[in-house]
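Residue-level listing of the chains:
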Amino acid sequence: MYQDGWIPTVCYQCKAECAILARVENGVVKEVKGNPRGRGKACVKGMAGITSLYSSERLKHPMKRVGERGSGKFERITWDEAMDIMETKLTELRDRGEAHKFTYSMFPHSVTDPKWRFVNASGGFISTGLPHCDSGKIMAMMHTFGCFPNHHIAPMYHTVPKGGLMILSGRHPFGCLDDAAVPGYILDAKERGAKLIVIDPIYRTEASKADWWIPIKPGGDASLFLGVCNYLLLNDLHDKKFCDKWVREGDMDGLMAYIKDKTPEAMSKICDVPVEDIIKLAKMVADAPSACIDAFKSIMYGNAMDWGHAWTIFLVITGNLDNPGGQPLPEIAPMAPVEPVPSAPDVTELGYHRSGNNREKFDNYNFFLQPTWYAAQAIKDDTLKVFFASECNPALSEMGSGEWRKAVTMKDENGDYKLELLVVTEIMPSETMKWADLVLPDQTNFERWELLYMPWWYNFGHCAALCQPVVKPIGESRHANRVFIELGQRMFPEYFAFKDDVEYYDIELSGVGMSVKELQENGGLWSPGAVGFRKYEDDGKFNTPSGKIELEWQMYEDIGQKWPSPELPLEYRRGEDEFPFILVNFRTIFLNNTGAWSQNNAQLRDPVSGLDANPCLLNPLDAKKLGIVDGDTVTMASGTGSVEVPVMLTEKIVPGCAGIIHGFGQTMGKVASRGKWISDNELIADAGSTLDEQDMRGGEAHVSTRVKIYK
Ligand code: SF4
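All of these numbers come straight from a predicted model, not from anything done at the bench.

**Some remarks on the packing of helix H8 (residues 221-234) against helix H11 (residues 264-271)**
Stage number 1. Where H8 contacts H11, the two axes come as close as 8 Å, and the packing angle between them is 170°. Our classification of the angle between H8 and H11 gives roughly antiparallel. Across the interface between the two elements, Ser 223, Leu 224, Leu 226, Gly 227, Asn 230 and Tyr 231 from H8 touch Pro 264, Met 267, Ile 270 and Cys 271 from H11.

As structure tokens, then:
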């Protein structure tokens, strides 16, 4: 089945999942490049994917824990034994009437994922460590527009007209997590005469390419844009025609009353952006043919929903909805359901966090996936008994990761672990694997079948892509999707009455009139064609209860959230004396995440060609006050924990902030354990233990904390 040549597949070195071609020679992958049938780009990290495939650290056989949890001691077992262990425990759980105490934490990068089906058939819950990063934005779009694009429906930069504004707010598309074509699209738009504005407490690659860098206090984005909206509305510079036609009756009056005191002067005091700059930005927006905002950090702060709400108000009053250069709305491809479809759990009734002690606090949390971050609390509360993880790494990459590690080693009065089974699928050693009972060797994107379709994805928002095996798998590795189809066939044959993953994807693809084979012959991609603009004009309505854009969130009247608060996250508004610095984390092209993606890739942690240190960025003005010089090792401590970290002084970070790269600190694996890698999650509180501080309507504080720094 394997052949030489340029074979289409999908990159999986970050969650952008670019369509790529792999050059195979004598059964070995030698090179990758962007698939010209897709967007035709691959980044340096994508090219380093070959190093992951052939790493000497690849996990090759299923393993069972033999020491205590966390000791990292395992012995080799067979796949049959591994399957038996999972089947026995899940059956026992179901027989006890506790099927809902099982969760599978995964990166749900495709609605076609059969693991999702397995979880539904078993009565458990999918939980996720990733999309809830930006759930504030998703919820905001759902409430205001009646649809749920997340940050992956970023502006279509290739449609930005001359003079259009591209605003990046805490967003680092040149540092990955976007498809590899985006940086080129942004620069091309600039060439055409569009303007790039970067709002960020750190001056990074994006800012260096910008027409205007606006330094801001972290979490100040909501207040900045409310100040802009105030100026536009009070000076009649908004898109009145659009608002008259599409906004629900009464909402504009409500908005005018609410926005009255959100003046540039008042908002400047919150976000630290000078009044004249807020006004300048508003005037630029008023004069531009289009304006879009792409954000990330802002949607990970504790005021994410306020920011998301301010963002949607800005898009509406400027008429930048589903227009060239504005905010696209999603199109959905009709994938066929694989019948019979197991029903998903009722998220208002069951689910480990919803049945636990904090049930009432979750009443306003209505995101559609469970957050992985609550696992530690759920284990303590005996409401979570079985935890599977694929492509995520909660021991390291969740807020309060220390609490997670503590919880999975907690025992009951009989001396048994409170969490009865912890299973991870991994390509290479990960931090979470250290605590696992079962470790299942996963496959890279060069070895597996997978149909990728997500309605709100950059690459796959309007198309489906095929990840196909281009070379023979290493060792006994099996892709998690295939493992859980096999387990499903054992446990729930009525829902898994198909031969294998390929047949499953064939059924799903029949919805768009394709098959896996046809997709292969079609260069690995299916696309419905051109993307439409202003789709609401064809429909004549939005998918909201009123059929109009709903600016006022009446459903949150009882908790005082009909309109967005301009305030900084609660975590930044207190403890300033003890913890004077705001922690800012960021991403780099050399490493994206801590799941089974680019971790432990020697090529990406090469002291010569890559990145091999994770220092704390500090402004020299702050360092002088603290008596710190460049290269000093300091302690950075929050109310949750502390880390030792070398300091790098730079004027590229605003005073009052301390910056580190997100997602390091791993001790498993030869590459990972090299160098001074600091995990920001050691400093950030376990969200489950600080529920009152979380934005329970969809935005959890992934990065919000204050720190102190001392030698
Ligand atoms: S952007 Fe991500 S998915 Fe695309 S080529 Fe780079 S690493 Fe691969």
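**Side note on the sheet that holds strand S5 (residues 74-76)**
Stage number 1. Pairing within the open sheet is mixed, and its eight strands lie in the order S5-S4-S15-S14-S13-S6-S7-S12. Two strands lie at the open edges of the sheet, namely S5 and strand S12 (370-371), each paired on one side alone.
Stage number 2. With two bridges joining them, strand S4 (residues 63-65) and strand S15 (residues 438-441) adopt antiparallel strand pairing. Across the sheet, residue Lys 64 finds its bridge partner in S15, namely Leu 438.
Stage number 3. Lying over the sheet, helix H4 (residues 114-122) contacts strand S6 (102-106), strand S7 (125-128) and strand S13 (386-390), oriented at roughly 170° with respect to S6.

**Describing the UniProt feature "domain: 4Fe-4S Mo/W bis-MGD-type" (unreviewed entry) in the chain**
Stage number 1. UniProt's feature table lists "domain: 4Fe-4S Mo/W bis-MGD-type" (unreviewed entry) at residues 4-57, given in the numbering used throughout.
Stage number 2. With 17% helix and 37% strand, residues 4-57 has its two end C-alpha atoms placed 26 Å apart.

**Quick look at the nonpolar core**
Stage number 1. Core analysis: the biggest nonpolar cluster contains 74 residues, and Phe 145, Leu 255 and Ile 549 have the highest contact counts within it.
Stage number 2. Ranked by residues supplied to this core, first place goes to H8 with nine residues.
Stage number 3. When neighbours within four sequence positions are excluded, Ile 549 is seen to be in contact with Thr 144, Phe 145, Phe 242, Trp 246, Val 247, Arg 248, Asp 251, Val 316, Leu 321 and Phe 542.

**A look at the sheet that holds strand S11 (residues 291-295)**
Stage number 1. With parallel pairing, four strands are arranged side by side in an open sheet as S10-S9-S8-S11. Of all the strands in the sheet, the pair left with one neighbour each is strand S10 (212-214) and S11. Across the sheet, the axes of successive neighbouring strands diverge by a mean angle of 20°, strand direction being ignored.
Stage number 2. Lying over the sheet, helix H13 (residues 304-317) contacts strand S8 (165-169) and S11, oriented at roughly 165° with respect to S11.

**Looking at the pattern of salt bridges**
Stage number 1. In the structure shown here, the tally under the stated rule is 39 salt bridges.
Stage number 2. With its nearest N and O atoms 3.1 Å apart, the salt bridge here joins Lys 115 to Asp 113.
Stage number 3. Judged by its relative accessible area of 2%, Asp 113 is buried.
Stage number 4. Salt bridges here are not isolated pairs; linked through shared partners, they connect Lys 89, Glu 92, Arg 96, Glu 98, Lys 101 and Glu 420.

Conventions adopted
Residues numbered from 1 in each chain as written. Predicted model: local features only at pLDDT ≥ 70, side-chain atom pairs only at ≥ 80, totals over all residues. Heavy atoms only, no water. Axes fitted to C-alpha atoms, helices over the stretch in contact; angles between N-to-C directions. Helix = DSSP H or I, 4+ residues; strand = E, 2+ residues; numbered from the N terminus. Parallel < 35°, antiparallel > 145°, perpendicular 65-115°, else oblique. Contact = heavy atoms within 4.5 Å. Pairing = 2+ DSSP bridges. UniProt positions renumbered as here; feature names shortened; annotations may be inferred. Core = buried A, V, L, I, M, F, W, Y, C linked by side-chain atoms within 4.5 Å. Buried < 20%, exposed > 50% of the residue type's maximum accessible area, 1.4 Å probe, protein only. Salt bridge = Lys/Arg side-chain N within 4 Å of Asp/Glu carboxyl O.

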